[in-house]
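Results of the structural survey
As a plain string of letters, each chain reads:
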Amino acid sequence: MAILTADHLTKKYPGEDTPALDDVSLSIEAGEFLAIVGPSGSGKSTLLHLLGGVDRPTSGSVQLYDTDIYKLNETQLAIFRRRQVGLIYQFYNLMPELTVAENITLPTELDGKTVPAAILDELLATLGLQEKRGALPSQLSGGQQQRVAIGRALIGQPAIVLADEPTGNLDQRNSQEIMDVLHQANAKSGQTIVVITHDPAIAAQAGRVITIEDGRLKEGR
Amino acid sequence: MGILTKLSLRSLREEKSRTILTIVAMTIAATLAVATLVGLRSVQISMYQRAVQSEAGLVVRFPGVTAEKAEKLQNSSQFSKTAAFEEVGESQLTGMTDQQDSGVQVYRLTAKDLKLMATPILAAGRLPQTSDEILVPSYAIGDGSAIGQRETVHINGQKRRLLVVGTIDMYAMSPIAGNSLVMLTKTLTGKRTVMVAPASFGGLHARMSALAKTAGIHPKTVTYDESALMIMGASGNAKSQAILVSVVLAALLVIGGVALIMIYMSINLTVKAHRERYGLLRSLGTTPKQLRRLVYEQSLTLALPALLFGYLFGIFGIKLTMTGINQMMRRTQMGFTFVFRADWLPLVIAGLFMAGVTLLAAARPAFRASRISPIAAIRTAETSPMLSRWRLHETWLMRHLHTLALKRDRRNTARGTMLVLLTLTVALFIGMTGFMHNLLANTEQSRDTDLMVAITGSDQRTAVRKLITQQAKTKQLAVVLESSAMVLKEPYALTDSSMTVVAVPDAQFKKNFNSTPTYLNTRVQGTDANGKNHKEWLVPPTYDGTYALGNADHMTKKAGVTTQATLVPATEEPGLAQLIYHDGFGAMIVSETLFAQWQAKLGNKASDMQTVAAVKLSDPQDHKALVKALSTQFKGSRVTDYIAYDEQNIAIMTAFRVISYGFITLLALVSLATIINHVFAALLEQKRSLAMLQSIGTTSGQLTGMLNLQNALLLVKGGVLGTLLGNLLSYWLYRLMTHEFLKSFLWPWQETLAALLGLAVIWLAFAITTRRMLRHQDIDQLIRAV
Ligand SMILES: Nc1ncnc2c1ncn2[C@@H]1O[C@H](COP(=O)(O)OP(=O)(O)O)[C@@H](O)[C@H]1O
Ligand SMILES: [Mg+2]
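Residues numbered from 1 in each chain as written. Chains lettered and ligands numbered in written order. Predicted model: local features only at pLDDT ≥ 70, side-chain atom pairs only at ≥ 80, totals over all residues. Heavy atoms only, no water.

1. Describing the overall build of chain B
Check the secondary structure of chain B and you find 24 helices and 22 strands. Among the 786 residues that make up chain B, the fraction classed as buried is 47%. Look at the contacts in chain B between residues 6 or more apart in sequence, and 78% of them connect residues 24 or more apart. Of the accessible surface of chain B, which amounts to about 38,500 Å², a share of 60% is contributed by carbon and sulfur atoms. (Helix = DSSP H or I, 4+ residues; strand = E, 2+ residues; numbered from the N terminus. Buried < 20%, exposed > 50% of the residue type's maximum accessible area, 1.4 Å probe, protein only. Contact = heavy atoms within 4.5 Å. Areas by Shrake-Rupley, 256 points an atom, 1.4 Å probe, with all protein chains shown as cover.)

This is the structure we're talking about:
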């Protein structure tokens, strides 16, 4: 069953001649682990942002189940993001004033709910951050910070987790740890995950790989 | 506590410098608001107390109340004070005076009420202590009757011998003052007028009308001291109420405008600096409404301590100012004191005002924050354009840091706004204070006379001269005889006005005035054809006709004296000019012999003549003793003490200067704080870029130098432009106000110096902060963390 469908997505930035994303259609199955690869500047991040509802396409649509997300207003779209999407960036993008635990529970709290302690504990254990739950981001290493960001993406069990070069800034050991956490979530609770990466080794671990070049979908596997 | 509230509180704590800057900005705004409101409230109370002084605060009158109803009325809890008086009837002051023979009202009061109501209007003597003692109007004393004498008085046709113990000020506001006799009684017997001081002023007229009904009188007969009540905003007149409210609103509007700009800029800067964070929050699913709330909450959180500081500084500032002014007024015996009042009304208004201004100021930044696109935040985090541009120019940069500072200065549009604001602030400060300086300097006119005395009646010249020379050392002393005459027909400019005739010794008349009557011509304010004010001679200097003079009191059209006279500008006769200048209407100088002849021809009595002496003292300190000696020896003389008058003037001017300079300075501080805030915020914003520069080998000294140069450029440009504009502004304001006779313009160099010094101090503060910040900067963390 397709969980997320993109139809003829085109994104043209104002002032640019060629579109950053050109007529891309794609569908993502529930429980899938998808990797998007392509050279730098090919439009991978642009696609990911459109899938996650953080940008708006020039034309085309994105459907989550039966909802066309770009027909929603700002508030509805925000609620869509916090409930249905987990975003992970190359730079860890944590709130510097919040502790590890608070950063992780932030999207749920924004929804006016609290995360049951057992669930948080379990997640912290999976991430290997039990010891650090009260620490501030500035007291963490890069790998640890990225694990917090992953925790924040996973906590609400969103429909889809989107990661933009989550290991781009990390050494190999830390990269593998990050990928392990993502794979574990995919395997254990069937979390749908989309990862952008340069790294052929990481792409090789994905269930499906698609390639983008010059804003166009080149091949799928 | 919601997660966003937690986040906002922690970020305030985290970014201490920014938080403190914003609180300082808001505190200045709050101080301005509190000081203005408490100041206005205190002035209001002071004016009210002065207005109701002579009626002892009893501003509402219920006439014709019966004894038992009066008791109930007077016990009402709506009053802070009450008193009652009874109108006994009419009286004739036969034998006491030849004036105002009829229509004198007689009032009776009990001892307690007499003390309350008569004390503030007692002009001389004491209060009656028995029922055959009376107070009389001040005009009734003199011409044979005096305090301490028994007089015959007719009351309701009945003849009584009563002891006059004191006099009443005829012009006081009190209902028992005026053309009246005031007596003591054990109890009131008939219908009476009940006077009350209301405990509060809200809905006064309606409440008093209701009380009137229960007191058995028609509400329409109740009278109010509307002019006093107007001060408290409790007048029955809707228009005067509206005026009072508009005054307060206008003041609040001015402060509100300034505070709004300032708070807006602070909040806006914070929001701008938090762009990435807000974008991140948006990408995590924060709704626009939640973000707006975050900004509002954060702003109000900062406004609260600012308001408390504002209360503290505003209240103490006004208290201190008023104490100072009061001390000065007491020293100069002005008989007016400011009452300090910081009650709930101005404080609540200040609180609401600050909350309102803060919310208003936060509205646009909040809207902007909610509109930040999540994508913008993500993208800027990936590549900061500033960083990459700088990285490209690494080596060039090292050599040309100062050129870079200049370039950045030119590129930065916010700095353009700051420059305009700074220039305007400096210009307004110098312009306004310089203008005030000139105005005040011009009111301090020099004086030839320290003291003048005029004694009506027979020639007292020898006695006056003797007393003055005994009492004090004089620099100059002139003693002359004066009388007045009416100018008939000629010269045309003086027709139907009274003219002073001054007698000088025959020898002097011959020597200084060529034995010819001499008219001392003065200049008066006139209006020319274009409606511009200018000074013109009272009598045209080319006039060579005669002077036709008649008796000053009776308007007979027949001239007693017709004479030729030399026309001389008063200013060329300084010895005498000082004597006659006081009324500004010229004078005719004659010899003693001629004066005596004219007195007869004009039909003047001895009582129409006065001895006038003008003194310039060697030691101004002697003035008090001399005034006292003169008024004791010459009863009924008029003594004018210009030194005391000057002291009062100086006190008023100083008070005025303190208040206006204080207000201007506070306003200047408000906008300076905005600029400081902005520069510091810009510095904080650059933290990461600066760390990058440091990481590639720029020393902190080089960076400090670059930033100092940037700030110096801003301050020097603003200072120079502001000084130019400010000096021009003060000159222009001065030209607008000026008349030919004002002194020449004083360039406000002291004010300019003060402004420039202020800018230098600010620059120094910037320099020190920058140095400290760069020294303690954790480069690694700043480059890596968002
Ligand atoms: N805000 C923007 N304005 C203009 N062009 C942009 C913007 N964001 C991205 N681009 C351009 O769109 C293209 C695709 O960018 P991106 O999706 O980030 O590529 P990738 O993630 O594959 O490296 C690039 O050429 C990039 O320069
Ligand atoms: Mg990318």
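2. What to know about the overall build of chain A
Counting secondary structure elements, chain A contains seven helices and 10 strands. Looking at the 221 residues of chain A, the share that counts as buried comes to 57%. For chain A, the share of sequence-separated contacts (at least 6 apart) that also reach a separation of at least 24 residues comes to 70%. With the model as given, the accessible surface of chain A reaches about 9,200 Å², and the carbon-plus-sulfur share is 47%.

3. A look at the pattern of salt bridges
All names here are of chain A. For the structure on display, the rule yields 22 salt bridges over all chains. D111 is the partner of K113 in a salt bridge, and the nearest nitrogen-oxygen pair spans 3.2 Å. Taking the relative accessible area as the measure of exposure, K113 reaches 44% and is therefore partly exposed. A residue is classified by how much of its surface remains accessible, and D111, at 15% relative accessible area, is buried. (Salt bridge = Lys/Arg side-chain N within 4 Å of Asp/Glu carboxyl O.)

4. Comments concerning the sheet that holds strand β4 (residues 59–64) of chain A
Residues and elements named next belong to chain A. Strands sit in the order β2-β1-β4-β5 across an open sheet of four strands; the sheet is antiparallel. Only two strands of the sheet have a single neighbouring strand rather than two, namely β2 (21–29) and β5 (67–68). Summarising the sheet, β4 and β5 pair through two bridges and their orientation is antiparallel. If you follow Q63 over to β5, its bridge partner there is D68. (Pairing = 2+ DSSP bridges.)

5. Some details on a nonpolar patch on the surface
Where nonpolar side chains cluster on the molecular surface, the patch consists of B:F309, B:L312, B:F313 and B:F316 and spans about 410 Å² of accessible area. Residue classification places B:F309 among the partly exposed residues on the basis of a relative accessible area of 39%. (Patch = residues over 30% accessible without salt bridge, like charges linked within 9 Å, V, L, I, M, F, W, Y side chains within 5 Å.)

6. Some points on the interface of chain A and chain B
Counting residues at the interface gives 30 residues for chain A, matched by 26 residues for chain B. The contact between chain A and chain B buries some 2,700 Å² in all, and 61% of this surface belongs to carbon and sulfur atoms. Together, A:M95, A:E97 and A:L110 form the three largest contributors to the area buried by chain A at its contact with chain B, with a combined 24%. Taken together, chain A and chain B are joined by four salt bridges. (Buried area = accessible area lost by both parts, 1.4 Å probe.)

7. Observations concerning the side chain of A:D164
Residue and element names in this part refer to chain A. Considering the arrangement of structural elements, one finds D164 in strand β7 (residues 160–164). For D164, a relative accessible area of 3% translates into the label buried. A distance of 2.7 Å separates the side chain of D164 from the side chain of S45, its partner in a polar contact. (Polar contact = N/O pair within 3.5 Å; in protein donor to acceptor, adjacent residues only side chain to side chain.)

8. Observations concerning the nonpolar core
Core analysis: the biggest nonpolar cluster contains 93 residues, and A:I28, A:L47, B:Y278 and B:L281 have the highest contact counts within it. Looking at which element gives the most residues to this core, the answer is helix α9 (residues 288–331) of chain B, with 14 residues. Of the residues that make up this core, three or more belong to each of domain 1 (1–52 + 225–384) and domain 3 (387–446 + 644–786) of chain B. Beyond its immediate stretch of four places on either side in the chain, A:L47 contacts A:L9, A:L21, A:V24, A:L26, A:I36 and A:I212. (Core = buried A, V, L, I, M, F, W, Y, C linked by side-chain atoms within 4.5 Å. Domains from an automatic or database assignment.)

9. Brief notes about the packing of aromatic side chains
Residue and element names in this part refer to chain B. In total, this model carries seven aromatic pairs over all chains according to the counting rule given. Relative to Y547, the ring of Y519 lies with its centre 5.7 Å away and its plane at 35°, an arrangement referred to as tilted. Of this pair, Y519 sits in strand β14 (residues 518–521) while Y547 sits in strand β17 (residues 547–551), and the two are 28 residues apart along the sequence. Centroid distance Y731 to W747: 5.6 Å. Interplanar angle 15°. Geometry classified as stacked. Here W747 lies in the loop between α22 (700–737) and α23 (749–775) and Y731 lies in helix α22, a separation of 16 residues in the sequence. (Phe/Tyr/Trp six-rings, centres within 6.5 Å; stacked < 30°, edge-to-face > 60°.)

10. Quick look at unusual backbone geometry
Even without being a glycine, A:Y65 presents a positive backbone phi close to 50°. You can see A:Y65 is positioned in the loop between β4 and β5. The phi dihedral of B:A56 is positive, around 55°, even though this residue is not glycine. On the secondary structure map, B:A56 appears in the loop between α2 (16–51) and β1 (60–65). For B:A56, a relative accessible area of 11% gives the class buried.

11. Observations concerning the packing of α2(B) against helix α7 (residues 238–273) of chain B
All names here are of chain B. As a packed pair, α2 and α7 sit with axes 9 Å apart at the nearest point and diverge in direction by 175°. If you check the angle between α2 and α7, you find them roughly antiparallel. In terms of residue class, the contact of α2 with α7 is built from 19 nonpolar, five polar and one charged. (Axes fitted to C-alpha atoms, helices over the stretch in contact; angles between N-to-C directions. Parallel < 35°, antiparallel > 145°, perpendicular 65-115°, else oblique. Nonpolar A, V, L, I, M, F, W, Y, C, P; charged D, E, K, R; others polar.)

12. Topic: the side chain of A:N174
Residues and elements named next belong to chain A. As for its position among the elements, N174 is in helix α6 (residues 172–189). Taking the relative accessible area as the measure of exposure, N174 reaches 13% and is therefore buried. If near-sequence neighbours (up to four positions away) are discounted, N174 is found in contact with G143 and R147.

13. Describing the confidence of the model for chain B
All names here are of chain B. When pLDDT is averaged along chain B, the result is 78, and 82% of the positions lie at 70 or above. Within chain B, helix α10 (residues 344–371) carries the highest mean pLDDT (92), whereas helix α12 (residues 385–392) carries the lowest (41). Across residues 381–399, confidence stays below pLDDT 50; counting only partners more than four residues off in sequence or on other chains, it has 23 contacts. Our summary of model confidence lists the complex with pTM equal to 0.67 and ipTM equal to 0.86. (pLDDT = per-residue confidence, 0-100.)

14. Some details on the environment of A:V54
Residue placement: A:V54 occurs in the loop between α1 (44–52) and β4. Judged by relative accessible area, which is 4%, A:V54 ranks as buried.

15. Here we look at the environment of B:Y139
Within the secondary structure layout, B:Y139 lies in the loop between β5 (133–137) and β6 (150–155). The spatial distance from the C-alpha of B:Y139 to the C-alpha of B:N179 is 9.2 Å, given a sequence separation of 40 residues.

16. Regarding the environment of B:L162
All names here are of chain B. Assignment of secondary structure puts L162 in strand β7 (residues 158–168). Of the residues examined, L162 reaches a relative accessible area of 0% and is grouped as buried. Through-space distance from the C-alpha of L162 to that of M183 is 9.9 Å; in sequence the pair is 21 residues apart.

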